[in-house]
Amino acid sequence: MLKVQSLGGYIHEYQKSVTQPEIFWDRIAESFHWKKKWDKTVEWEFKTPDVKWFVNGKLNITENIFERNLFTLGDAPAIIWEANEPGEASVTLTYNALFEKVCTFANALKAKGIKKGDRVIIYMPMVPEAAVAMLACARIGAIHSVVFAGFSSSALADRCNDCQAKMVITSDGNFRGTKSIPVKAVVDEALETTTSIESVIVLERTKIDVSLKEGRDFWWHDVVANASSECPAEIMDSEDPLFILYTSGSTGKPKGVVHTCGGYMVYTQYSFLNVFQYAPGDVYWCTADVGWITGHSYIVYGPLLSGATTLMFEGVPTYPNAGRFWEVIDKHKVNQFYTAPTAIRALQAFGLEPLEPYKLDSLKVIGSVGEPINEEAWHWYHTHIGKGNCPLVDTWWQTETGGIMVSALAGITPNKPAHASLPLPGIQPIIVDPDGNEITGNNVQGNLCIKYPWPSMIRTTYGDHDRCKQEYFSTYEGLYFTGDGAKRDHDGYIRILGRVDDVINVSGHRMGTAEVENAINEHPLVVESAVVGYPHDIKGQGIYAYVICDMENRSEASLVNEIRQTVTQIIGPIAKPDAIQIVSGLPKTRSGKIMRRILRKVAEKDISNLGDTSTLLNPDVVDEIIKGAGL
Ligand code: WT7
């Protein structure tokens, strides 16, 4: 596998990847184990869109994790698991041990009727079995869809129904800090409205009482008890789906982003090795949850394809105290540490004391993902965690891109505070003006697009290809539109400016404003609502909701509480608005469109530049909203 070694090497590879992309990607893909080599490297057009990589190639991604690596790495640690409770022993699974678990569980899935192409929902805590479940699906060609275990039963049911999944893999409960969450009970509630789930496999984790429905629900330990540990890998086409991952967009319900076997495999390993400059024997830790794309690409697939040791952590950064991350780094001698700006800011707020007991001298590379990292957090992270001598990779990418697109390669290309910096070889980002014309040169700003396909890009949105076209390929003809604004600074480094659509980024979690509005509107007394993002010290963005309610003699405080409850029920606690303001009307244009710009300004507490409001349908409401916000 090609690992870039120097700045000159990067420049050379980048050039080559643009001038001769097929030769460039062929050479990288050749380091994998293919059952049958591809006929053509890439076939694509961005109109429909129709993108195929490594056309007619046959492979199984788990063979590339196990059979390809076992000869040299069988006894090497694949997964180190650190439990929520510091006192609970950590678990190390070697590649051999993980392989055995994956094959055994794969056979258990088969015995329950799961076959190639079936969809399987994984709704689990951060335990090694979550990775085992994903890999077991991949082994037999079933399409996994991991749903973050913080989502509510109704959000879970929506996802099960959207992809018509046959099975849910879950646990009895989930330990998170001081809390123990009754996961199976949430699944039971979801299953009241699912239309396709035939069976449920339940991992025992917290040992709470759960009810198992006869003939439908089975314990994990029972289904693996008599299963064989030999399971041949299903032969997959490069373009067969590997997984579906639901993510929020600017409109409607979350969409199922589809990633395929060949391209995703090639790009996650390539990007993992190059961005983190992983070396054999290193211990790598990404703190994300497997419910997000970061967990898929950079806890499970990228590292394991690379034969790396990947650490999985069950808990939260502040339990039992704000030193937990640092304790785990010292305990397992972590070499690469990858986390989110929101975690950094939250921990920074505790000061330097929680850091004092720890050396952190194993660290070689630190990374950031999920949202723009502000300069203050960047410097704190670089100085106090990286001790000033670890490259900090600020990695920009998306669920849809499958892998890291713009980032420094640790220690190879320069990093600059708050800048994602340079595209990886093979990635061709451009900045466009509102008409979609490329803006060249430095010191420019606009919308970020990608003009050439890359192996791990989204292929479709499950069950609705037109939505994929509308969301990503129709804003600018012939380009993939990211939804982000970006700047190329005077040195040519890319800085991500944040979303330019109706998507907000709360603690690195993506939320559609429309989705939150729909949830709020489920409250029987809500007439209409409008949701915007606003700057939040820790979360990056907070959720601000303006709500028109039928008050029915209720107090504002109780209504606000109920609305927050409703959102928790419909989506989950991560979507709970930080601020709810009850209003009598929303500022609208004469054509009835909500003027979100005004609402954003008020939420930001900046009313200096509201623009001309006199042409609004209801100009008076603006003053009322300003007053109501206490400004
Ligand atoms: C959106 C994608 C990619 C894994 C986690 C989030 C924002 C992501 C960065 C970064 C600035 C970033 C973008 C992007 N984002 N990384 N390094 N700097 N912004 O995945 O949920 O698909 O969200 O997160 O706005 O579009 P996601």
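Residues numbered from 1 in each chain as written. Predicted model: local features only at pLDDT ≥ 70, side-chain atom pairs only at ≥ 80, totals over all residues. Heavy atoms only, no water.

A. Seen up close, the pairing of strand β24 (residues 480-488). Burial analysis of β24 places eight of its nine residues in the buried class, the great majority of the element. Where strand β22 (residues 444-450) meets β24, six bridges bridge the pair, whose relative direction is antiparallel. Paired with Val-444 across the bridge in β24 is Arg-488. Hairpin remark: β24 followed by strand β25 (residues 494-499), antiparallel, with five residues in the connecting loop; positive phi at Gly-492, about 90°. (Buried < 20%, exposed > 50% of the residue type's maximum accessible area, 1.4 Å probe, protein only. Helix = DSSP H or I, 4+ residues; strand = E, 2+ residues; numbered from the N terminus. Pairing = 2+ DSSP bridges.)

B. Layout of the site of the ligand. Neighbouring residues of the ligand: 17 residues in total, closest Asp-394, Thr-395, Thr-399, Asp-484 and Arg-510. Within the backbone of Thr-395, an N or O atom sits 2.8 Å from a nitrogen atom of the ligand. Arg-510 is positioned such that a nitrogen or oxygen atom in its side chain is 2.6 Å from an oxygen atom of the ligand. Considered on its own, the ligand offers 550 Å² of accessible surface; in the complex 95% of this is hidden by protein. Those elements that place two or more of their residues in the shell around the ligand are α11 (293-305), β20 (392-395) and β25. (Near = heavy atom within 4 Å. Polar contact = N/O pair within 3.5 Å; in protein donor to acceptor, adjacent residues only side chain to side chain. Areas by Shrake-Rupley, 256 points an atom, 1.4 Å probe, with all protein chains shown as cover.)

C. Up close: the sheet that holds β22. Spatial ordering of the open sheet is given by β21-β22-β24-β25, a layout of four strands whose pairing is antiparallel. Both outer strands of the open sheet, β21 (429-432) and β25, are each paired with one neighbouring strand and no more. Mean inter-strand twist for the sheet, computed between neighbouring axes without regard to direction, equals 45°. (Axes fitted to C-alpha atoms, helices over the stretch in contact; angles between N-to-C directions.)

D. The environment of Ile-626, seen in detail. Positionally, Ile-626 belongs in helix α19 (residues 620-628). In sequence terms Ile-626 and Ser-614 are 12 residues apart; their C-alpha atoms lie 15 Å from each other.

E. Representation of the sheet that holds strand β4 (residues 77-82). Ordered in space as β5-β4-β17-β16-β18-β19-β20, the seven strands form an open sheet in which the pairing is mixed. At either margin of the open sheet sits one strand with a lone partner, and together these are β5 (91-94) and β20. The sheet shows a mean angle of 20° between the axes of neighbouring strands, direction not considered. Bridge analysis of strand β19 (residues 365-369) against β20 gives four bridges, and the strand direction is parallel. Looking at β20, one finds that Ser-368 is bridged to Asp-394. On the sheet, helix α12 (residues 324-332) packs against β4, β16 (283-286), β17 (309-313) and β18 (336-339) and is oriented at approximately 145° with respect to β4. (Contact = heavy atoms within 4.5 Å.)

F. Inspection of the environment of Asp-172 at higher detail. Topologically, Asp-172 is positioned in the loop between β8 (167-171) and β9 (174-176). We classify Asp-172 as buried; its relative accessible area is 0%. Between the C-alpha atom of Asp-172 and that of Met-124, which follows or precedes it by 48 residues, the distance is 9.1 Å.

G. Quick peek at the side chain of His-259. By the secondary structure assignment, His-259 is in strand β15 (residues 255-260). Note on His-259: relative accessible area 0%, which makes it buried. Apart from the residues lying within four places of it in its own chain, the contact partners of His-259 are Pro-241, Leu-242, Phe-243, Tyr-264, Ile-293, Thr-399, Glu-400, Thr-401, Gly-402, Ser-456, Met-457 and Ile-458.

H. Here's a closer look at the nonpolar core. Of all hydrophobic cores here, the largest spans 121 residues; its most connected members are Leu-98, Phe-105, Leu-109, Ile-169, Phe-276 and Tyr-301. What Tyr-301 contacts, discounting residues up to four positions off in sequence, is Ile-61, Ile-65, Met-134, Leu-135, Ala-138, His-144, Leu-242, Tyr-264, Thr-268 and His-296. Residues Ile-143, Phe-148, Val-202 and Cys-549 belong to the second largest nonpolar core, which totals 47 residues. (Core = buried A, V, L, I, M, F, W, Y, C linked by side-chain atoms within 4.5 Å.)

I. Quick peek at α11. Buried residues dominate α11, accounting for 13 of its 13 residues. Where α11 ends, the next residue or the one after it, Gly-307, has phi of about 70°, a positive value.

J. Spatial organisation of the pairing of strand β2 (residues 50-55). Where strand β1 (residues 40-45) meets β2, five bridges bridge the pair, whose relative direction is antiparallel. When the bridges of β2 are listed, Lys-40 appears paired with Val-55. Where β1 folds back onto β2 in an antiparallel hairpin, the turn is made up of four residues.

K. Representation of the packing of aromatic side chains within the structure. Under the definition given, this model contains 46 aromatic pairs. Judged by centre distance (3.8 Å) and plane angle (10°), the rings of Phe-105 and Trp-220 are stacked. Taken together, the positions of Phe-105 in helix α5 (residues 95-111) and Trp-220 in helix α9 (residues 220-225) put the pair 115 residues apart, joining distant regions of the chain. In terms of burial, Phe-105 and Trp-220 fall into one category: buried. (Phe/Tyr/Trp six-rings, centres within 6.5 Å; stacked < 30°, edge-to-face > 60°.)

L. How the structure looks around unusual backbone geometry. Omega for the peptide link from Thr-48 to Pro-49 comes to -10°, which places this bond in the cis form. Relative to the assigned elements, Pro-49 resides in the loop between β1 and β2. The amide bond that connects Tyr-319 to the next residue, Pro-320, takes the cis arrangement and shows omega of -5°. The residue Pro-320 is located in the loop between β17 and α12 in this model. In this model, Asn-443 sits at a positive phi of 60°, which is unusual for a non-glycine residue. With respect to the helices, strands and loops of the structure, Asn-443 is situated in the loop between β21 and β22.

Function cannot be read off these values alone, since they describe shape.
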